[in-house]
Amino acid sequence: MTKSINITLKVWRQKGPHVKSGFETYPATDISTDMSFLEMIDVVNEQLTLDGKDPIAFDHDCREGICGMCGAVINGRSHGPEKGTTLCQFHMRHFSNGDTIVIEPWRAKAFPIIKDLVVDRSAFDQIILAGGYISVNTGGAPDANSIPIAQEIAELAMDAAACIGCGACVAACPNASAMLFTSAKISQLALLPQGRLEAANRALAMVRKMDELCFGNCSNERECEAECPKEISISNIARLNREFIKAGLVSSVK
Amino acid sequence: MNRLTNPLGTSVGKKLMMAVTGLGFCCFLTIHLAGNLTIYGGKDFFNSYVEHLHSLGPLVTLAELGLLVFAAIHIMTGALLFYQSLKARPIRYSVNKRAGGRTLGSATMPYTGFILLLFVIFHLINFHFVDKTNITTFQLLSNAFANPVYIFIYTVAVIIAAIHVSHGLWSAFQTLGANHPKYTPFLRGLSIVFSVVVGIGFGFIPVYVFLLL
Ligand code: HEM
Ligand code: SF4
Ligand code: FES
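Let me begin by describing the structure that accompanies this report. These numbers come from a predicted model, not from an experiment.

The rules behind the values
Residues numbered from 1 in each chain as written. Chains lettered and ligands numbered in written order. Predicted model: local features only at pLDDT ≥ 70, side-chain atom pairs only at ≥ 80, totals over all residues. Heavy atoms only, no water. Donors = N, O, S within 2.8 Å, 3.2 Å for Na, K, Ca; no water. Tetrahedral: all angles 85-135°; square planar, octahedral: opposite > 155°, others 65-115°. Helix = DSSP H or I, 4+ residues; strand = E, 2+ residues; numbered from the N terminus. Near = heavy atom within 4 Å. Polar contact = N/O pair within 3.5 Å; in protein donor to acceptor, adjacent residues only side chain to side chain. Nonpolar A, V, L, I, M, F, W, Y, C, P; charged D, E, K, R; others polar. Phe/Tyr/Trp six-rings, centres within 6.5 Å; stacked < 30°, edge-to-face > 60°. Buried < 20%, exposed > 50% of the residue type's maximum accessible area, 1.4 Å probe, protein only. Lys NZ or Arg CZ within 6 Å of the ring centre and 35° of its normal. Salt bridge = Lys/Arg side-chain N within 4 Å of Asp/Glu carboxyl O. Contact = heavy atoms within 4.5 Å. Buried area = accessible area lost by both parts, 1.4 Å probe. Axes fitted to C-alpha atoms, helices over the stretch in contact; angles between N-to-C directions. Parallel < 35°, antiparallel > 145°, perpendicular 65-115°, else oblique. Left-handed = near helix turned anticlockwise from the far one by under 90°. Core = buried A, V, L, I, M, F, W, Y, C linked by side-chain atoms within 4.5 Å. Domains from an automatic or database assignment. Pairing = 2+ DSSP bridges.

A closer look at the coordination of the iron atom of ligand 1
Residues and elements named next belong to chain B.
Step number 1: Here the iron atom of ligand 1 is held by the protein donor atoms His74 (NE2) and His164 (NE2), which lie 2.0 to 2.1 Å from it.
Step number 2: Taken together, the six donor atoms surrounding the iron atom of ligand 1 define angles of 83 to 180 degrees at the centre, an arrangement classified as octahedral. In this pair, His74 is assigned in helix H4 (residues 58-87) and His164 in helix H7 (residues 148-175), connecting sequence segments 90 residues apart.

A closer look at the site of ligand 1
Step number 1: Every one of the 25 residues lining ligand 1 counts as a neighbour, but Leu29(B), His74(B), His164(B), Ser171(B) and Thr175(B) are closest to it.
Step number 2: The local environment of ligand 1 is shared, drawing residues from chains A and B.
Step number 3: In this structure, a nitrogen atom belonging to ligand 1 sits 2.9 Å away from a side-chain N or O atom of His164(B).
Step number 4: Elements represented by at least two residues in the shell around ligand 1 include exactly helix H2 (11-36), H4, helix H5 (104-127) and H7 of chain B.
Step number 5: Here the residues of the shell around ligand 1 are counted per class, giving 15 nonpolar, nine polar and one charged.

What about the site of ligand 2?
All names here are of chain A.
Step number 1: Every one of the 13 residues lining ligand 2 counts as a neighbour, but Cys163, Cys166, Gly167, Cys169 and Cys228 are closest to it.
Step number 2: Looking at the shell around ligand 2, the elements that each hand over two or more residues are helix H4 (168-172) and helix H5 (179-190).
Step number 3: Residue composition of the shell around ligand 2, grouped by class: 11 nonpolar, two polar and no charged.

Quick word on the packing of aromatic side chains
Step number 1: Tallying each qualifying case throughout the model produces 18 aromatic pairs over all chains.
Step number 2: Each ring, one from Phe46(B) and one from Tyr49(B), has its centre 6.2 Å from the other, and the planes form 50 degrees; the classification is tilted. Here Phe46(B) pairs with Tyr49(B), and both are found in helix H3 (residues 43-55), just three residues apart, close to one helical turn.
Step number 3: Assessed through its relative accessible area of 5%, Phe46(B) is described here as buried.
Step number 4: Three or more aromatic residues link up through ring pairs in this structure, and these residues are Phe119(B), Phe122(B), Phe127(B), Phe145(B), Tyr150(B) and Tyr154(B).
Step number 5: Over the aromatic face of Trp12(A) sits the side chain of Arg107(A), whose NZ or CZ is 4.2 Å from the ring centroid.

What about the pattern of salt bridges?
A side chain of one charge can pair with a side chain of the opposite charge if their charged atoms are brought near each other.
All names here are of chain A.
Step number 1: Applying the stated criterion across every chain yields a total of 11 salt bridges over all chains.
Step number 2: Where Asp116 meets Arg13, a salt bridge forms, and the shortest distance between an N and an O atom there is 3.1 Å. Of the two residues, Asp116 sits in the loop between strand E6 (113-115) and strand E7 (118-119) while Arg13 sits in strand E1 (residues 4-13), which places them 103 residues apart along the sequence. Judged on exposure class, the residue Asp116 and its partner Arg13 are both buried.
Step number 3: Of the charged contacts, one joins Asp42 and Arg63 as a salt bridge, the two residues approaching to 2.7 Å between their closest N and O atoms. Of this pair, Asp42 sits in helix H1 (residues 37-50) while Arg63 sits in the loop between H1 and strand E3 (73-74), and the two are 21 residues apart along the sequence.
Step number 4: For Arg63, a relative accessible area of 26% puts it in the partly exposed group.

Some thoughts on unusual backbone geometry
Among all residues except glycine, the phi angle is most often negative; among peptide bonds, the trans geometry is most common.
Residues and elements named next belong to chain A.
Step number 1: With a phi angle near 55 degrees, Arg63 is a residue other than glycine that sits in the positive phi range.
Step number 2: Phi is positive for Ala176, close to 50 degrees, though the residue is something other than glycine.
Step number 3: Here Ala176 lies in the loop between H4 and H5.

Section: the interface of chain B and chain A
Step number 1: At the junction of the two partners, chain B supplies 41 residues and chain A supplies 48 residues.
Step number 2: Both faces considered, chain B and chain A share a buried interface measuring about 3600 Å² in area, 52% of it formed by carbon and sulfur atoms.
Step number 3: For chain B, the biggest contributors to the area lost against chain A are Val12(B), Arg89(B) and Tyr93(B); these three give 16% of the whole.
Step number 4: Along the contact surface separating chain B from chain A lie one salt bridge.
Step number 5: Note that Arg102(B) and Glu221(A) form a salt bridge whose closest N and O atoms lie 3.0 Å from each other.
Step number 6: There are 28 residue pairs in polar contact (both at pLDDT 80 or more) connecting chain B and chain A.
Step number 7: The set of elements that each furnish at least two residues to the side of chain B that touches chain A consists of helix H1 (5-9), H2, H4, H5 and H7 of chain B.
Step number 8: Its residues assigned to classes, the side of chain B that touches chain A comprises 15 nonpolar, 17 polar and nine charged.

Examining the packing of H2(B) against H7(B)
All names here are of chain B.
Step number 1: Where H2 meets H7, the axes come as close as 9 Å, and the angle between the chain directions of the two elements is 130 degrees. The orientation of H2 relative to H7 falls into the category oblique. Pair H2 / H7 crosses with left-handed handedness. Contacts from Lys15, Leu16, Ala19, Leu23, Cys26 and Leu29 of H2 reach H7 at Val165, Leu169, Ser171, Ala172, Phe173 and Thr175.
Step number 2: Taken together, the residues that form the contact of H2 with H7 break down as nine nonpolar, two polar and one charged.

Some points on the side chain of Asn236(A)
All names here are of chain A.
Step number 1: On the secondary structure map, Asn236 appears in helix H9 (residues 235-250).
Step number 2: Taking relative accessible area as the criterion, Asn236 reaches 6% and is therefore assigned buried.
Step number 3: In this structure Asn236 touches Ala160, Ser183, Ala184 and Ser187, once residues within four positions along its chain are discounted.

What to know about the nonpolar core
Step number 1: Counting 75 residues, the largest nonpolar core has Phe37(A), Met40(A) and Phe215(A) as its most contacted members.
Step number 2: Counting the residues that make up this core, at least three belong to each of domain 1 (4-114) and domain 2 (121-250) of chain A.
Step number 3: Leaving out residues up to four positions away in the same chain, Phe37(A) has contacts with Ile74(A), Leu87(A), Phe90(A), His91(A), Met92(A), Phe95(A), Ile101(A) and Ile103(A).
Step number 4: Among the nonpolar cores identified, the runner-up in size contains 15 residues, and Phe119(B), Phe127(B), Phe138(B) and Leu141(B) belong to it.

Some points on the pairing of E1(A)
Within a regular strand, side chains alternate between the sheet's two faces.
Residue and element names in this part refer to chain A.
Step number 1: Direction of pairing for E1 relative to strand E2 (residues 22-32): antiparallel, over a ladder of nine bridges. Note on E2: the bridge partner recorded for Ile7 is Ala28.
Step number 2: When E1 meets strand E5 (residues 100-104), the two strands line up parallel, connected through four bridges. Considered in E5, the bridge of Val11 is made with Ile103.

Take it as geometry only, folks, not as evidence of what the structure does.
Dropping the structure here:
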């Protein structure tokens, strides 16, 4: 049965990068519990617009948990408290009448705020550019099954490739480390024969880029794994560490 | 930078140094505890253990130097990692909630580590940098632990150490790349068991010495 609730939002409002900012409080009345969290913000924004105020800026695109655009910290939990979901998949039925919800953007030096809840995640693109690819010559496409790959390995690579680059791992990490994201991107390639060829260079280049971008240092707190909407495992971080040891201490790659 | 220091200077490299030195300390704790347990065999048994240990001469000095180097690496790297991670989030969250990953140990590593540093200095002043020509090590112990303040300080320090290794032991394996569906749950359990053994093993020595008096 559809139910309506009245709640209070405390939202981080920031007009642009490096401007003085803080929390604003807004009532959200008559919110259907069937709404998604983003639909609830849409409703609040409609009212703000009618009142002649600036609507709350937030990132979103697919609204079905596949694009990785959405995300905010809801009462201290990245993408809200539900396990394995993005913010757009999180529903208002998890709240009760009279609740106050604190909404904050991802907070990390490497993710500067653009406006309100919108942060610049191009640091992730730079990590990918540093080595998150394989080099293939153009020409006729090779036969799909010409390189045999064990099913378990293919599954592990696919699990790592499920990362949508949303940044919740950085947001949830007490150290603002990007190790879960970087390890997923390193793993999806390192596990497959096509990715092995450049594995050493890739591990070194991506870790160096990650450091250069001022992400924090992983201390195995496991908060990332708990908050990741795609439930990427920290066994990928251990794989990154192994790849890094092989590349940095054993291989001759610079 | 050269080809070895360059990888070691990255975030992952620094973590590797933490893991290797931290595991070294865990080995030290195990040996130190095994030795100290001789106290339950009575004061003569304990004093003879101490004599045997010191009769190893240069080997002991070598181990001490090794521990000193490890401590320097562990402390300086740990401090740097902590500082860098603080800087990585200049504006903190106003609401902080755990998602279930963090533990008491993992959340307090830099703080428990710092207290351990203070304790190690205190401990060395008590029992290492003292003139032992006219006194047995056991007498030294019983003099110290006749004072309840010392018992209190040592008990707190041992609990702090137990908290530090409850995360540290498992974490070091993860950092070294050892994560496996079969063994990681075991290692996480082992960390807790190790911390309890360290806590109880070292923790009761001051009390025991006090009761012997
Ligand atoms: C002397 C004072 C000490 C200080 C200041 C200190 C500090 C730290 C810090 C800050 C960390 C976390 C680093 C990170 O995860 O980023 C750490 C990790 C660790 N410490 Fe200590 N510590 C001390 C003593 C010890 C002792 C006595 C032991 C062993 C019994 C130990 C074992 C470990 C282990 C195994 C780790 C985990 C390494 C990893 O996560 O890879 N530490 N220490
Ligand atoms: S690892 Fe998970 S939390 Fe991190 S960016 Fe990828 S999908 Fe998002
Ligand atoms: S909007 Fe695409 S994942 Fe949420």
